[in-house]
Amino acid sequence: MQLYSFCHSSTSQRVRIALALKGLDYDYLPVNLRAGEQRSAEHLQRNPGGSVPVLVTEDGQQLSQSLAIIDYLDRLYPKPQLIPTEPLARARVLEVANLIGADIHPLNNPRVLAYLSNTLQISTAQRQAWYEHWVLMGLGAVEQLLTRHGSGPYCFGEQPSLADCCVLPQVINAQRNKVDLTPFKRVLAVTQYCSEQPAFARSAAIFQPDYVE
Ligand SMILES: N[C@@H](CCC(=O)N[C@@H](CS)C(=O)NCC(=O)O)C(=O)O
């Protein structure tokens, strides 16, 4: 398999975590979002959505959308299972994954932040306020869901799930953008635990220390 990815992309990191948890080998193919490579004709051919990640499967299919990719991997390589089959457990995991994937991330995607700055000409402080507002609201909801329905050390018990694949990258992204997450104790405990586990740590090993969004 091949993974088109950007080192600091939280959606790509979700897939890197899932691949590492499942012990799957792949070729890492970088797409530099800072240089706009996601909008090149070559990349749009792979993914008309102009984003990363894109997984090229064993039989040459090009798949975009991190949650769809992880679902595909989970069906094909079910150990460890990241999306439970029991209906309520499954819904709880998808609830957190969608909160991050559908409610938080689209509002802080690089192209959205660039549109706010470059087209709508908002200031750096306003852009930061936008980022913080949506991240704090979203992670506040994740905190409550995990407190009500989860148990440690992962989001939902002793095994990692799709929820953990989503929480860690979103927290790293928020921390890189200097958002204070100290009120979110459960989210931070999960993040700390995950970041100490080899598969999660490997997914972050390619970060560039001086990268700024
Ligand atoms: N819903 C998509 C979102 C993918 C996405 O937007 N990825 C970001 C990086 S985290 C991206 O490539 N953005 C391109 C851009 O902003 O131009 C997924 O989960 O894969």
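Parameters and conventions
- Residues numbered from 1 in each chain as written.
- Predicted model: local features only at pLDDT ≥ 70, side-chain atom pairs only at ≥ 80, totals over all residues.
- Heavy atoms only, no water.
- Phe/Tyr/Trp six-rings, centres within 6.5 Å; stacked < 30°, edge-to-face > 60°.
- Salt bridge = Lys/Arg side-chain N within 4 Å of Asp/Glu carboxyl O.
- Helix = DSSP H or I, 4+ residues; strand = E, 2+ residues; numbered from the N terminus.
- Buried < 20%, exposed > 50% of the residue type's maximum accessible area, 1.4 Å probe, protein only.
- Domains from an automatic or database assignment.
- Contact = heavy atoms within 4.5 Å.
- Buried area = accessible area lost by both parts, 1.4 Å probe.
- Near = heavy atom within 4 Å.
- Polar contact = N/O pair within 3.5 Å; in protein donor to acceptor, adjacent residues only side chain to side chain.
- Areas by Shrake-Rupley, 256 points an atom, 1.4 Å probe, with all protein chains shown as cover.
- Nonpolar A, V, L, I, M, F, W, Y, C, P; charged D, E, K, R; others polar.
- Disulfide = S-S within 2.5 Å.
- Pairing = 2+ DSSP bridges.
- Right-handed = clockwise from strand over helix to strand, strands pointing away.
- Expected span 1.5 Å × (residues − 1).
- Axes fitted to C-alpha atoms, helices over the stretch in contact; angles between N-to-C directions.

Draft legend 1. Representation of the packing of aromatic side chains in the model. Applying the stated criterion to the full structure yields three aromatic pairs. Feature note: the residues Tyr 154, Tyr 193 and Phe 200 constitute an aromatic cluster, connected by ring pairs.

Draft legend 2. Region of interest: the pattern of salt bridges. On inspection of all chains with the given rule, the structure shows four salt bridges. Note that Asp 74 and Lys 22 form a salt bridge whose closest N and O atoms lie 2.6 Å from each other. Taken as a pair, Asp 74 in helix 3 (residues 66-76) and Lys 22 in the loop between helix 1 (10-21) and strand 2 (27-30) lie far apart in primary sequence, 52 residues in all. Note on Lys 22: relative accessible area 10%, which makes it buried. A salt bridge links Arg 46 to Glu 42, with the nearest nitrogen and oxygen atoms 3.5 Å apart. Residue Arg 46 and its partner Glu 42 are located together in helix 2 (residues 41-46), separated by four residues, close to a single helical turn.

Draft legend 3. Examining the domain arrangement of the protein more closely. Segmentation of the protein into domains returns domain 1 (2-76) and domain 2 (87-204). Its C-alpha centre places domain 1 at a distance of 19 Å from the equivalent point of domain 2. Counting from both sides, the interface comprises 18 residues of domain 1 and, opposite them, 21 residues of domain 2. Taking both partners together, domain 1 and domain 2 bury about 1,600 Å²; carbon and sulfur atoms supply 61% of that area.

Draft legend 4. Here's a closer look at the site of the ligand. For the ligand, the set of nearby residues contains 17 residues, the closest of which are Gln 38, Gln 65, Ser 66, Asn 109 and Arg 111. Between an oxygen atom of the ligand and a side-chain N or O atom of Arg 14, the distance comes to 3.3 Å. Residue Val 52 places a main-chain N or O atom 2.8 Å away from a nitrogen atom belonging to the ligand. Here the ligand, which alone exposes 510 Å², has 92% of that area covered by the protein. Of all elements in the fold, only helix 1 and helix 5 (110-119) reach the threshold of two or more residues within the shell around the ligand. Here the shell around the ligand is composed, by residue class, of four nonpolar, 10 polar and three charged.

Draft legend 5. Looking closely at the state of the cysteines. Counted according to the given criterion, the structure contains zero disulfides. The thiol of Cys 194 is not disulfide-bonded; the next cysteine sulfur, from Cys 155, is found 6.4 Å away.

Draft legend 6. Molecular detail of the pairing of strand 2. In this sheet, strand 2 lies alongside strand 1 (residues 2-5) in parallel orientation, the contact comprising four bridges. Directly across from Leu 3, in strand 2, lies its bridge partner Tyr 28. Regarding the hand of the β-α-β motif, the stretch spanning strand 1, helix 1 and strand 2 is right-handed.

Draft legend 7. The arrangement of helix 1 in detail. With 12 residues, helix 1 should reach 16 Å at 1.5 Å per residue; the first-to-last C-alpha distance of 16 Å fits that figure. Judged by how many residues are buried, helix 1 sits mostly within the fold: 12 of 12 residues are covered. Taken together, the buried positions of helix 1 are occupied by Ser 10, Thr 11, Ser 12, Gln 13, Arg 14, Val 15, Arg 16, Ile 17, Ala 18, Leu 19, Ala 20 and Leu 21. The secondary structure elements touched by the buried residues of helix 1 are strand 1, strand 2, helix 3, helix 4 (87-108), helix 7 (162-176) and helix 9 (198-204). Phi turns positive, to about 65°, at Gly 23, one or two residues after helix 1.

Draft legend 8. Geometry of the sheet that holds strand 2. The strand order across the open sheet built from four strands is 2-1-3-4, with neighbouring strands paired in mixed fashion. Edge positions in the sheet fall to strand 2 and strand 4 (62-64), since each of these pairs with one other strand and no more. Across the sheet, the mean angle from the axis of one strand to that of its neighbour is 20°, orientation sign disregarded. Strand contacts of helix 1: strand 1 and strand 2, with the helix running at about 150° to strand 1, the strand carrying the most contacts. Running over the sheet, helix 3 touches strand 3 (54-56) and strand 4 and is turned about 125° from strand 4.

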